[in-house]
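Letter by letter, the chains look like this.
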Amino acid sequence: MTPPRARTWGRRGYTPEIRVRGRSRRRTSIAALCCYKPGERSRLIHRPRTHLLLKGARRSFSWKDYRDLLVRAHIQLGGPIVVVWDNLNTHLTAGLQRYEADHDWLTTVRLPPYAPDLNPVEAIWSLVRRAMANTAFDAPDDLDHKLRRELRRIQLRPHLIDGCLTATRLTLTRPTPPCKPQ
């Protein structure tokens with residue numbers, strides 16, 4: 001991961017520099033769900049995964065990884081869930097769509113294309129990146145530890161998760177039941 005940069009204090013005319021070692025043979029991916037239910041505290045459910053950058057190896061989450069995250073969310077939340085997906089190609093795979101169709105506890109809604117401002121999870125990533133700005137990691141394990149710690153910090157502060165929903169200007173409303181034909 002290329003270290004994010006932010007402003008810092010330093011002597012005038014001397015730019016602080018941090019040397020960063022070359023490429024790692026690992027990649028860390030994280031999938032997260034912001035969970036909202038009227039009358040209850042907001043929750044963040046996430047799953048980090050480390051990928052080895054070997055020839056022919058997968059470098060991101062597969063649809064099965066997202067399926068496992070949905071199953072974990074269903075177990076933790078204890079009821080049916082409505083998932084609002086962005087248009088990531090993995091979210092659109094046939095395997096994940098079959099899984100969504102086969103389970104009645106899972107309802108999916110798609111965001112319009114190129115609408116990151118409607119996705120509360122994008123604001124979560126902004127909070128995580130801001131907390132990691134100007135940090136150089138000695139080892140990939142240090143990066144993993146910092147990511148988990150920041151996500152845990154957000155989990156323990158539901159008002160931050162609520163703020164991510166507020167930033168999208170979307171509101172939670174109870175779905176209206178379908179009209180019965182007369």
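Not measured: the values here are computed from a predicted model. Residue indices begin from 1 for each chain and proceed along its sequence in written order. Given that this is a predicted model, residues contribute local features only at a pLDDT of at least 70 and side-chain atom pairs are listed and counted only at 80 or more, while totals for whole chains, interfaces and linings are drawn from all residues. Heavy atoms throughout the structure, all of them, feed into the side-chain values; hydrogens and water do not.

## Notes on the pattern of salt bridges
Counted as salt bridges are all cases of a side-chain nitrogen of Lys or Arg within 4 Å of a carboxyl oxygen of Asp or Glu. Taken as a whole, this structure holds 6 salt bridges when the rule is applied. Through salt bridges that share partners, Lys146, Glu150 and Arg153 make up one connected network.

## Regarding helix H1 (residues 63-77)
Helix and strand definitions here come from DSSP, where helices need a minimum of 4 consecutive H or I residues and strands a minimum of 2 consecutive E residues; each element is numbered from the N-terminal end. In a helix, the anticipated span is given by 1.5 Å times the number of residues less one. With 15 residues, H1 extends 21 Å from end C-alpha to end C-alpha; this agrees with the ideal 21 Å at 1.5 Å per step. All of the buried residues along H1 are Asp65, Tyr66, Leu69, Leu70 and Ala73. In a view along the axis of H1, the buried residues occupy a sector of 140°, so they form one face of it. By definition in these notes, contact holds between two residues if any of their heavy atoms fall within 4.5 Å. Looking at the packing, one finds that the buried side of H1 touches strand S1 (26-35), strand S2 (43-52), strand S3 (81-85), helix H2 (94-102) and strand S4 (106-110). Just downstream of H1, Gly78 is the residue with a positive phi angle, here 70°. Only protein chains enter the accessibility calculation, which uses a 1.4 Å probe. A residue is then buried if its area is under 20% of the maximum for its type, exposed if over 50%, and partly exposed in between. Note: the arc covers the axis-to-C-beta directions of the helix.

## Structural notes on a nonpolar patch on the surface
A patch is a set of surface residues, each over 30% in relative accessible area and not in a salt bridge, joined within 9 Å for like charges and within 5 Å for the nonpolar side chains Val, Leu, Ile, Met, Phe, Trp and Tyr. Accessible surface is estimated by sampling points in the Shrake-Rupley manner with a 1.4 Å probe; for residues, cover comes only from the protein chains shown. Judged by side-chain polarity, Val82, Val84 and Val109 come together as a nonpolar surface patch covering roughly 250 Å² of accessible area. With respect to the helices and strands, Val82 occurs in strand S3.

## Structural notes on unusual backbone geometry
Despite not being glycine, Tyr114 has its phi angle at roughly 55°, a positive value. As for its position among the elements, Tyr114 is in the loop between S4 and helix H3 (120-131).

## A short note on the packing of helix H4 (residues 140-155) against helix H5 (residues 158-168)
Fitted lines through C-alpha atoms give the axes, limited to the stretch in contact for helices. The angle between two N-to-C directions lies from 0 to 180 degrees. Packing of H4 against H5 leaves a shortest axis separation of 6 Å and a crossing angle of 85°. Regarding the angle of H4 to H5, the classification is roughly perpendicular. Two secondary-structure elements touch here, H4 through Arg153, Ile154 and Gln155 and H5 through Pro158, Leu160 and Ile161. Along the lines of polarity and charge, the residues of the contact of H4 with H5 split into 4 nonpolar, 1 polar and 1 charged. Oblique is the label for every angle not falling under 35 degrees (roughly parallel), over 145 degrees (roughly antiparallel), or within 65 to 115 degrees (roughly perpendicular). Put simply, Ala, Val, Leu, Ile, Met, Phe, Trp, Tyr, Cys and Pro go in the nonpolar bin, Asp, Glu, Lys and Arg in the charged bin, and everything else, Gly too, in the polar bin.

## A short note on the packing of aromatic side chains
Under the pairing criterion, centres of Phe, Tyr and Trp rings, with the six-membered ring standing for Trp, must be within 6.5 Å; the plane angle then separates stacked pairs below 30 degrees from edge-to-face pairs above 60, leaving the rest tilted. Tallied over the full model, the rule gives 3 aromatic pairs. Aromatic side chains Phe61 and Tyr66 sit 5.4 Å apart centroid to centroid with 40° between the ring planes, which places their arrangement in the tilted category. Take Phe61 and Tyr66: they sit in the same class, and that class is buried. Ring geometry for Tyr66 against Trp85: centres 5.8 Å apart, planes inclined by 90°, an arrangement best described as edge-to-face. A residue pair is termed long-range when its members are at least 10 positions apart, and Tyr66 in helix H1 and Trp85 in strand S3 qualify at 19 residues.

## Some points on the pairing of S3
Across the two faces of S3 the burial differs, with Ile81, Val83 and Trp85 buried and Val82 and Val84 not buried at all. Strand direction decides the pairing type here: S3 and S4, joined by 5 bridges, are parallel. Residue Val82 lies in a different strand from S4, and its bridge partner there is Thr107. The handedness of a crossover follows from its direction of travel: if, with the strands pointing away from the viewer, the path from the first strand over the helix to the second runs clockwise, the crossover is right-handed. Between the parallel pair S3 and S4, the chain is carried across by H2, and the sense of this crossover is right-handed. Criterion used throughout: strands pair if DSSP finds at least two bridges between them.

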